[in-house]
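Each chain, letter by letter, is given below.
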Amino acid sequence: DAGVIQSPRHEVTEMGQEVTLRCKPISGHNSLFWYRQTMMRGLELLIYFNNNVPIDDSGMPEDRFSAKMPNASFSTLKIQPSEPRDSAVYFCASSGQGANTGELFFGEGSRLTVL
Amino acid sequence: AQSVTQLGSHVSVSEGALVLLRCNYSSSVPPYLFWYVQYPNQGLQLLLKYTSAATLVKGINGFEAEFKKSETSFHLTKPSAHMSDAAEYFCAVSTGFQKLVFGTGTRLLVSP
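Notes on the structure follow. This one's a predicted model, so the numbers in the text were calculated from it and none came from an experiment.

Analysis parameters
- Residues numbered from 1 in each chain as written.
- Chains lettered and ligands numbered in written order.
- Predicted model: local features only at pLDDT ≥ 70, side-chain atom pairs only at ≥ 80, totals over all residues.
- Heavy atoms only, no water.
- Contact = heavy atoms within 4.5 Å.
- Buried area = accessible area lost by both parts, 1.4 Å probe.
- Salt bridge = Lys/Arg side-chain N within 4 Å of Asp/Glu carboxyl O.
- Polar contact = N/O pair within 3.5 Å; in protein donor to acceptor, adjacent residues only side chain to side chain.
- Helix = DSSP H or I, 4+ residues; strand = E, 2+ residues; numbered from the N terminus.
- Nonpolar A, V, L, I, M, F, W, Y, C, P; charged D, E, K, R; others polar.
- Pairing = 2+ DSSP bridges.
- Axes fitted to C-alpha atoms, helices over the stretch in contact; angles between N-to-C directions.
- Disulfide = S-S within 2.5 Å.
- Buried < 20%, exposed > 50% of the residue type's maximum accessible area, 1.4 Å probe, protein only.
- Core = buried A, V, L, I, M, F, W, Y, C linked by side-chain atoms within 4.5 Å.

1. Examining the interface of chain A and chain B
Here comes step 1: Facing 26 residues of chain A, the contacting portion of chain B comprises 18 residues.
Here comes step 2: Carbon and sulfur atoms make up 53% of the area that chain A and chain B hide from each other, which totals about 1800 Å².
Here comes step 3: Where chain A meets chain B, there are 1 salt bridge.
Here comes step 4: Residues K49(B) and E103(A) are paired through a salt bridge, measuring 4.0 Å at the closest nitrogen-oxygen approach.
Here comes step 5: In this assembly, chain A and chain B are joined by 3 residue pairs in polar contact (both at pLDDT 80 or more).
Here comes step 6: Those elements that provide at least two residues to the side of chain A that touches chain B are β4 (31-38), β5 (42-50), β6 (53-56) and β9 (88-95) of chain A.
Here comes step 7: Of the residues that constitute the side of chain A that touches chain B, the class distribution is 9 nonpolar, 12 polar and 5 charged.

2. Regarding the sheet that holds strand β7 (residues 64-68) of chain B
Residue and element names in this part refer to chain B.
Here comes step 1: Reading across from one edge, β1-β3-β8-β7-β6 is the order of the 5 strands in this open sheet, with antiparallel pairing throughout. Pairing within the sheet leaves two strands with one partner each, and these edge strands are β1 (3-7) and β6 (56-58). Ignoring which end each strand starts from, the neighbouring axes of this sheet average 20 degrees apart.
Here comes step 2: Across 5 bridges, β1 lies against strand β3 (residues 19-26) in antiparallel orientation. The partner of T5 across the bridge, within β3, is N24.

3. Describing the state of the cysteines
Here comes step 1: Enumeration according to the criterion identifies 2 disulfides over all chains in this entry.
Here comes step 2: A disulfide bridge connects C23(A) with C92(A), and the sulfur atoms are separated by 1.9 Å. The disulfide joining C23(A) to C92(A) has a torsion of about -65 degrees about its S-S bond and is therefore left-handed. With C23(A) in strand β3 (residues 19-24) and C92(A) in strand β9, this residue pair connects regions lying 69 residues apart in the sequence. Per residue, the accessibility class of C23(A) equals that of C92(A), and both read buried.
Here comes step 3: Two residues share a disulfide in this structure: C23(B) and C91(B), whose sulfurs sit 2.0 Å from each other. On the sign convention where negative means left-handed, the S-S torsion of about -65 degrees between C23(B) and C91(B) marks this disulfide as left-handed. Here C23(B) is found in strand β3, whereas its partner C91(B) is found in strand β9 (residues 87-94), with 68 residues between them in sequence. Residues C23(B) and C91(B) agree in their burial class; the two are buried.

4. Details of the nonpolar core
Here comes step 1: W35(B), L48(B), L76(B) and Y89(B) are the most contacted members of the largest nonpolar core, which totals 27 residues.
Here comes step 2: Residue contacts for Y89(B): discarding those within four places in its chain leaves Q6(B), L21(B), W35(B), Y36(B), V37(B), L47(B), F63(B), L76(B), G105(B), T106(B) and L108(B).

5. Looking at the pairing of β9(A)
Residues and elements named next belong to chain A.
Here comes step 1: With respect to burial, β9 is a largely interior element, 8 of its 8 residues being buried.
Here comes step 2: Side chains A88, Y90, C92 and S94 project from β9 onto one buried face, and the interleaved V89, F91, A93 and S95 project onto a second face that is buried too.
Here comes step 3: Summarising the sheet, β4 and β9 pair through 7 bridges and their orientation is antiparallel. Paired with L32 across the bridge in β9 is S94.
Here comes step 4: Examined bridge by bridge, β9 and strand β11 (residues 110-114) share 3 bridges and lie antiparallel to one another. Opposite Y90, over in β11, you have S110 as the bridge partner.
Here comes step 5: Both β9 and strand β10 (residues 105-106) contribute to a ladder of 2 bridges, which runs antiparallel. Bridge pairing links S94 to F105 in β10.

6. Regarding the sheet that holds strand β1 (residues 5-7) of chain A
Residue and element names in this part refer to chain A.
Here comes step 1: Spatially, the 4 strands line up as an open sheet ordered β1-β3-β8-β7, and their pairing is antiparallel. With one partner strand each, in any of the chains shown, β1 and β7 (65-71) form the two edges of the open sheet. The mean angle between the axes of side-by-side strands here comes to 15 degrees, regardless of whether they run parallel or antiparallel.
Here comes step 2: Alignment of β1 against β3, held across 3 bridges, turns out to be antiparallel. Bridging across to β3, I5 finds its partner in K24.

If you want it as structure tokens, here you go:
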């Protein structure tokens, strides 16, 4: 079975440009999570969805960040405009049914560099 | 709020030696606890989890962890390290609804 698929794997852009990261969760999973990983702050939960509905976006750093999940098989994380401090690895993860199973399946990440 | 603390950002062992990675948790309710592993340039994958059943939990690749309520600990161990165990290890606690809070990670270095 295919795992969580993220694209692009690497993105280099200039400050002020719009960045869109994409995620396809594992088929049948009903929860989707976006995490950001940096050396300074470690792994931070940005937002998570359940059944395509955003449940908690308290981790989204500011209004420049937005996330959508238009259907069960696709989600995007958008940064507009991007800034150098947004440079990080962004992970998407999905999880199946079962309260508090805690078993997240991670994609390989999208490494973003903002110059 | 629930949280985990991982003691030691780096741990170095020799191949064949015992691996011990430390994790302490803080939780006002019985926690669900997890260890994840991250190999270079990859996402995290679940090693093992504690969900209030047996206190000694066995995971993949020969790792195990013991839940000790009296010590609020969930340390990860492996009797004999392999070179392939070199990776970063994250302890995590569930705050409900599968929302995990991760520790800062411990990088395991294995020397021949």
